[in-house]
Amino acid sequence: MIASKTLKLSLKSLKDFAKKRLPDEVLRDLDERDECPLDVVHDMCSPEKLGIQLLFIPEEFGGLGGGAFDVYCVCEEMARVDLGVATAVLATFLGSDPITVGATPQQKKTWLTRIANEGLLFAYGATEPEAGSDLGALRTTADPVREGDRVVGYKINGNKQWISNGGVADAYTVLANTPGGPSWFIVEKGAKGFTHDEPEDKHGIRLSNTAALAFNDVYVDADRLVGGVEGQGLNQAQAVFGYTRLMVVAFGLGAGWAALDRAIPYSTKRIQAGAPLSQKQGYTHKLIVPHVAHLEAARAYIEETAERIDAGEGSLNTEGAIAKYMATEAGNAAAEASIQALGGYGYTHEYMVEKISRDVRITTIYEGTSEIMEMTISRDRWQSHLKTRGQHYHERARELEALHARQRGVGADIAALALHALAEIMEKARVARLTRYQHILLRLGELIAYAECAGSLSRRAALVAEGKLNEKANRRFDATALAALSRIFSREAALKVTEDGLRWVVGAGGISDAEMTGFEASLGLPAIHRAQSGLIADMDYIADVLYGRAAKGRELAA
Ligand SMILES: Cc1cc2nc3c(=O)[nH]c(=O)nc-3n(C[C@H](O)[C@H](O)[C@H](O)COP(=O)(O)OP(=O)(O)OC[C@H]3O[C@@H](n4cnc5c(N)ncnc54)[C@H](O)[C@@H]3O)c2cc1C
């Protein structure tokens, strides 16, 4: 982990660099021409220039040894600039990941030092034409080349699809099947038999080079097998998901806020029906405030998860999935709403929100689609539900009730209602064996993500109120505003869990007419309905905060 001061300096350098090298007109032009600004990417990764990649490399290999929290902060800032360029940097990080987690000491020294010192660009080659979400369907092969009994190298054959930096990387980590199972190999550009296609003509992130790769009897020495042992590939990929997904989470957050930060000032200047749009409640409370609440709920979850990863709790794959799911869906919704907020202007290239909206679209697809995230979340938390005999979320709810007793007004009581209801829905799904329906399993994943994020945001609001927030954390909102945001989001989460939960449980035939009244009561619906009280006042307050017109000294408790 790096010092807070160093992180601040890095973020400032990044902002200054972007201002100079990637102003809006340059971004629009590159987007129009569908071109990756390779000189900019190289300068970002050059130790003599910006050297952003140093943050991701351990100190022993010449980097700064940034932790998950640092990486999240830098990725959010990169995404605010341009998601295509951010993806080019992400690709180097992703590409070097199998090395960071699984390589031999010598391999780590060679490759991580080269990334730090030479600014080597990497690409991460996992996806194939037939193997996307299901990497197990991988067809690329790496056949051992022997001298006597000894394996001296491998011959790689196959194709990779949608590879970021595919046409511009200096080195590639490539997942291929060996006799011992899927394994990562390092292949350098220019290797005989290795080619890439022209860049894809994409919907968004057009500043990122995405290309298909082809391997035709590409020979690599045995020391290019990451870790030196066959069959470790899928484990190595899994081992970093929590961490790498946080980068994409930060992309969703950064792009979502970048769009809102264009819509908010626009609406103060745009006069319709005699007043600025920023004064129209039907505008702010639909197009701005709910998106702020969603983004900040996702931020609370990312920050908690990043802190836990940095504290050594492992790669936290499920938490990474929850954060990715919520932040990228929220980022997409915020960018889409920002187009609407700018009306006809939003629909043109000049105002940039349509570009942000096209760019952020990829975040719900790469590094695991939203549907795969729903599945990952649901499967894991289903096990927690079973292991605790249905108590997992009741226990989480009780923790929030204790927080509410200590710190009222931060939405913890409402988040607790969401979690109790979730526990009841999951129990009903267990009794009626509803997870045999894949749709129900995935919808549970969504409800889990909402309820957990509600808890997280109320904990974050309490930390701010108690002056205990991580000093690297985002401080856009003070304690009062964060508490209001938390209440707004918790109310939505509690209603969503109960209404959607009922919809799917009843819809799948999981409940008889006779059981209905008792089940509705178990969900705590009346309390959840009563908790909606104060919603409009909280939304008014957040609009006032966003537009700098909030009165000082508002009480925390609603
Ligand atoms: C611009 C871009 C950059 C990329 N960069 C990289 C990179 O650098 N390296 C790399 O390895 N890959 C990269 N990818 C690939 C990316 O990770 C995959 O596109 C993604 O994992 C989804 O795989 P797929 O496209 O084959 O879709 P599919 O897996 O075919 O999915 C299609 C749809 O079906 C859904 N679906 C899939 N399986 C299930 C299921 N079991 N149940 C229910 N629904 C399901 C998905 O959610 C999705 O909505 C990139 C992709 C793009 C577009």
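Participant: I'd love a proper account of the site of the ligand, names of residues and values included.
Facilitator: Neighbouring residues of the ligand: 20 residues in total, closest Tyr124, Thr127, Ser133, Thr369 and Glu371. Ser133 has a polar side-chain atom sitting 2.6 Å from an oxygen atom of the ligand. With respect to the ligand, the side chain of Thr369 contributes an N or O atom lying 2.7 Å from an oxygen atom. Protein burial of the ligand: of its 970 Å² of free accessible surface, 68% is covered by the chains. Elements with a minimum of two residues in the shell around the ligand: strand 3 (150–164) and helix 13 (370–387). Looking at the shell around the ligand residue by residue, the classes come out as ten nonpolar, seven polar and three charged.

Participant: So what's going on with the side chain of Gln532? Residues and values would help.
Facilitator: Structurally, Gln532 can be placed in the loop between helix 19 (525–530) and helix 20 (535–546). With a relative accessible area of 19%, Gln532 lands in the buried category. Looking at Gln532, its side chain comes within polar contact range of the main-chain oxygen of Ile528, at 3.1 Å. What Gln532 contacts, discounting residues up to four positions off in sequence, is Arg491 and Leu495.

Participant: Could you give me a rundown of the side chain of Ser96, with the residues and numbers involved?
Facilitator: Note that Ser96 resides in helix 5 (residues 83–102). What makes Ser96 buried here is its relative accessible area of 4%. Here Phe93 takes part through its backbone oxygen, which lies 3.0 Å from a polar atom of the side chain of Ser96. Excluding its chain neighbours within four sequence positions, the residues that come into contact with Ser96 are Leu112, Ile115 and Phe122.

Participant: Describe the nonpolar core, naming the residues involved and giving the relevant values.
Facilitator: Ranked by size, the top nonpolar core spans 169 residues in total, and within it Met44, Ile288, Leu422, Phe489, Ile542 and Leu546 carry the most contacts. Counting residues per element, this core draws most heavily on helix 8 (residues 241–269), at 16 residues. Counting residues in each nonpolar core, the second largest holds 18 residues, with Tyr154, Ala176, Phe185 and Ala191 among its members.

Participant: Which residues make up unusual backbone geometry, and what are the values?
Facilitator: The phi dihedral of Asn165 is positive, around 70°, even though this residue is not glycine. Positionally, Asn165 belongs in the loop between strand 3 and strand 4 (171–178). Note on Asn165: relative accessible area 0%, which makes it buried. Located in the positive-phi region is Leu316, a residue other than glycine, with phi close to 45°. Here Leu316 is to be found in the loop between helix 9 (281–310) and helix 10 (317–341).

Participant: Lay out the packing of aromatic side chains with the relevant residues and their values.
Facilitator: Counted according to the given criterion, the structure contains twelve aromatic pairs. Ring centres of Trp111 and Phe122 lie 6.1 Å apart, and the angle between their planes is 90°; on these two criteria the pair is classed as edge-to-face. Here Trp111, found in helix 6 (residues 105–118), pairs with Phe122, found in strand 1 (residues 122–125); they are eleven residues apart in sequence, far enough to count as distant. With centroids separated by 4.8 Å and ring planes inclined at 80°, the aromatic side chains of Tyr172 and Phe194 adopt a geometry described as edge-to-face. A residue pair is termed long-range when its members are at least 10 positions apart, and Tyr172 in strand 4 and Phe194 in strand 6 (residues 194–196) qualify at 22 residues. Take Phe194: its relative accessible area is 10%, and that puts it in the buried class. Cation over ring: Arg476 sits above Trp257, and NZ or CZ is 3.8 Å from the ring centre. The positively charged end of Lys496 is found above the aromatic ring belonging to Tyr450, 5.0 Å away from the centroid.

Participant: Before we move on, can you summarise the pattern of salt bridges with the specific residues and values?
Facilitator: Taken as a whole, this structure holds 44 salt bridges when the rule is applied. Linking Glu188 and Arg114 is a salt bridge whose minimum nitrogen-to-oxygen distance equals 3.5 Å. Of the two residues, Glu188 sits in strand 5 (residues 181–188) while Arg114 sits in helix 6, which places them 74 residues apart along the sequence. Note on Arg114: relative accessible area 25%, which makes it partly exposed. In this structure, Arg443 and Glu446 form a salt bridge, with 2.9 Å as the shortest nitrogen-oxygen distance. Taken together, the residues Arg443 and Glu446, both in helix 16 (residues 438–465) and three residues apart, mark about one turn of the helix. It is possible to trace a salt-bridge network through shared partners that takes in Arg308, Glu313, Glu319, Asp380, Arg381 and Glu452.

Calculation rules
- Residues numbered from 1 in each chain as written.
- Predicted model: local features only at pLDDT ≥ 70, side-chain atom pairs only at ≥ 80, totals over all residues.
- Heavy atoms only, no water.
- Near = heavy atom within 4 Å.
- Polar contact = N/O pair within 3.5 Å; in protein donor to acceptor, adjacent residues only side chain to side chain.
- Areas by Shrake-Rupley, 256 points an atom, 1.4 Å probe, with all protein chains shown as cover.
- Helix = DSSP H or I, 4+ residues; strand = E, 2+ residues; numbered from the N terminus.
- Nonpolar A, V, L, I, M, F, W, Y, C, P; charged D, E, K, R; others polar.
- Buried < 20%, exposed > 50% of the residue type's maximum accessible area, 1.4 Å probe, protein only.
- Contact = heavy atoms within 4.5 Å.
- Core = buried A, V, L, I, M, F, W, Y, C linked by side-chain atoms within 4.5 Å.
- Phe/Tyr/Trp six-rings, centres within 6.5 Å; stacked < 30°, edge-to-face > 60°.
- Lys NZ or Arg CZ within 6 Å of the ring centre and 35° of its normal.
- Salt bridge = Lys/Arg side-chain N within 4 Å of Asp/Glu carboxyl O.

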